[in-house]
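Observations on the model geometry
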Amino acid sequence: MKKATRVLNFDKISSRQIKEVALALKKDGVIVCPTDTIYGISALPGRKKAVDRIYRIKKRDRKKRFILLASSIRQIEKVAKVSGRQKTLPVSYTHLTLP
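This report concerns the structure included in the present document. This one's a predicted model, so the numbers in the text were calculated from it and none came from an experiment. (Residues numbered from 1 in each chain as written. Predicted model: local features only at pLDDT ≥ 70, side-chain atom pairs only at ≥ 80, totals over all residues. Heavy atoms only, no water.)

Some details on the nonpolar core
The cut-off we apply is this: What makes a nonpolar core is a set of buried Ala, Val, Leu, Ile, Met, Phe, Trp, Tyr and Cys residues whose side-chain atoms join them at distances within 4.5 Å. Burial here depends on accessible area, computed with a 1.4 Å probe over protein chains only, as a share of the maximum for the residue type. Under 20% is buried, over 50% is exposed, and the range in between is partly exposed. Under the scheme used here, helices are H or I runs from DSSP no shorter than 4 residues and strands are E runs no shorter than 2 residues, and both carry numbers assigned from the N terminus. The contact criterion used is simple: two residues touch if any of their non-hydrogen atoms lie within 4.5 Å.
Membership of the largest hydrophobic core is limited to five residues, which are Leu 8, Val 21, Leu 25, Ile 31 and Cys 33. Those elements that place two or more of their residues in this core are helix H1 (15–26) and strand S1 (31–34). In this structure, Cys 33 is in contact with Phe 10, Ile 38, Tyr 39, Gly 40 and Ser 42, ignoring residues within four places of it in sequence.

Considering the pattern of salt bridges
For clarity, the threshold we go by: The term salt bridge refers to a pairing of a side-chain nitrogen on Lys or Arg with a carboxyl oxygen on Asp or Glu at a separation within 4 Å.
For the coordinates displayed, the defined rule picks out four salt bridges. One salt bridge connects Glu 20 with Arg 16, and the closest N-O pair in it is separated by 3.1 Å. Here Glu 20 and its partner Arg 16 are both found in helix H1, four residues apart, which amounts to about one turn of the helix. Here Lys 48 ties to Asp 52 by a salt bridge, and the two come within 2.8 Å at their closest N and O atoms.

Some details on the environment of Gly 46
Within the fold, Gly 46 resides in the loop between strand S2 (39–42) and helix H2 (48–58). By relative accessible area, Gly 46 is classed as exposed at 71%. Separated by 34 residues in the primary sequence, Gly 46 and Ala 80 have C-alpha atoms spaced 9.9 Å apart.

Describing a nonpolar patch on the surface
What counts here: Nonpolar side chains (Val, Leu, Ile, Met, Phe, Trp, Tyr) within 5 Å and like charges within 9 Å form the patches, drawn only from residues with over 30% relative accessible area and no salt bridge. Only the protein chains shown count as cover for residues, and the accessible areas themselves come from Shrake-Rupley with a 1.4 Å probe.
On the surface, Val 32, Tyr 39, Ile 41 and Ile 57 cluster together into a nonpolar patch covering about 400 Å² of accessible area. Note on placement: Val 32 falls in strand S1.

Describing the packing of aromatic side chains
Stated formally: Centres within 6.5 Å are what make two rings of Phe, Tyr or Trp a pair, Trp counting through its six-membered ring; a difference in plane orientation under 30 degrees is then read as stacked, over 60 as edge-to-face, and the rest as tilted.
Applying the stated rule across the entire model yields one aromatic pair. Taken together, a centroid distance of 4.5 Å and an interplanar angle of 45 degrees make the contact between Tyr 55 and Phe 66 tilted. Note that Tyr 55 is positioned in helix H2 and Phe 66 in the loop between H2 and helix H3 (73–77), a separation of 11 residues in sequence.

Describing the environment of Thr 5
Here Thr 5 is to be found in the segment before H1. With 25 residues separating them in the primary sequence, Thr 5 and Val 30 have C-alpha atoms 9.8 Å apart.

Structure below.
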């Protein structure tokens, strides 16, 4: 089934559009968004349908993992086991490999 596509200008995005994107992500949507160097394909972690869709879009081998961007250890703990030592590392410098 083909999903609806919308193009939003991230330089001029409104709060209504942000809510629209958040709702799409909660419904297993996939978004493409600019980063500092490239465009990233994003979905909410733990959303199997969305993650499966990214694998299909990228034609990516299932053995290759994705990176997880999070703003806090608490966010990471929702989808991964974090040891006590990892909790003390500065988040901006921490690299965790998820199974």
